[in-house]
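Observations on the three-dimensional arrangement
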Amino acid sequence: MNVLALTASAALLQLPGPLDSTLGTVFLALVGFLVVLFVGRIVLSIAWRLALIAAFAAGVFLLVTTYLV
């Protein structure tokens, strides 16, 4: 590798990134918060469906054991 290219790549790696500032940190925190909200929304929709199915099954079981047994 060329010495100039090696020096240039090392200099580029030492520059601060766009997320190194306070605003970048706030942006990164907001993106992380949005990811948590999105995943939580999916998990909660699945949990609601499971809770509704469980309530329906318990109601059917209650009716069957009350009136048919």
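Residues numbered from 1 in each chain as written. Predicted model: local features only at pLDDT ≥ 70, side-chain atom pairs only at ≥ 80, totals over all residues. Heavy atoms only, no water.

1. Focus: the overall build of the protein chain
Tallying secondary structure elements over the protein chain gives two helices and zero strands in all. A compact globule built from 69 residues should have a C-alpha radius of gyration of about 11 Å, whereas the protein chain, at 28 Å, is more than 25% larger. The C-alpha extent of the protein chain, read off along each of the three principal axes, is 85 × 30 × 10 Å. The burial tally for the protein chain puts 1% of its 69 residues in the buried class. (Helix = DSSP H or I, 4+ residues; strand = E, 2+ residues; numbered from the N terminus. Rg over C-alpha atoms; globule rule 2.2 N^0.38 Å. Buried < 20%, exposed > 50% of the residue type's maximum accessible area, 1.4 Å probe, protein only.)

2. Side note on the environment of Gly59
Looking at the element boundaries, Gly59 is found in helix α2 (residues 22–67). Here Gly59 falls in the partly exposed class, since its relative accessible area comes to 30%. Residues Gly59 and Gly24, spaced 35 residues apart in sequence, show a C-alpha to C-alpha distance of 52 Å.

3. Describing a nonpolar patch on the surface
On the surface, Leu19, Phe27, Leu28, Val31, Val35, Phe38, Val39, Ile42, Val43, Ile46 and Leu50 cluster together into a nonpolar patch covering about 1000 Å² of accessible area. By the secondary structure assignment, Leu50 is in helix α2. (Patch = residues over 30% accessible without salt bridge, like charges linked within 9 Å, V, L, I, M, F, W, Y side chains within 5 Å. Areas by Shrake-Rupley, 256 points an atom, 1.4 Å probe, with all protein chains shown as cover. Salt bridge = Lys/Arg side-chain N within 4 Å of Asp/Glu carboxyl O.)

4. Describing the environment of Ala58
Mapping Ala58 onto the fold places it in helix α2. Each C-alpha atom of the pair Ala58 and Ala11 lies 66 Å from the other, and the pair is 47 residues apart in sequence.

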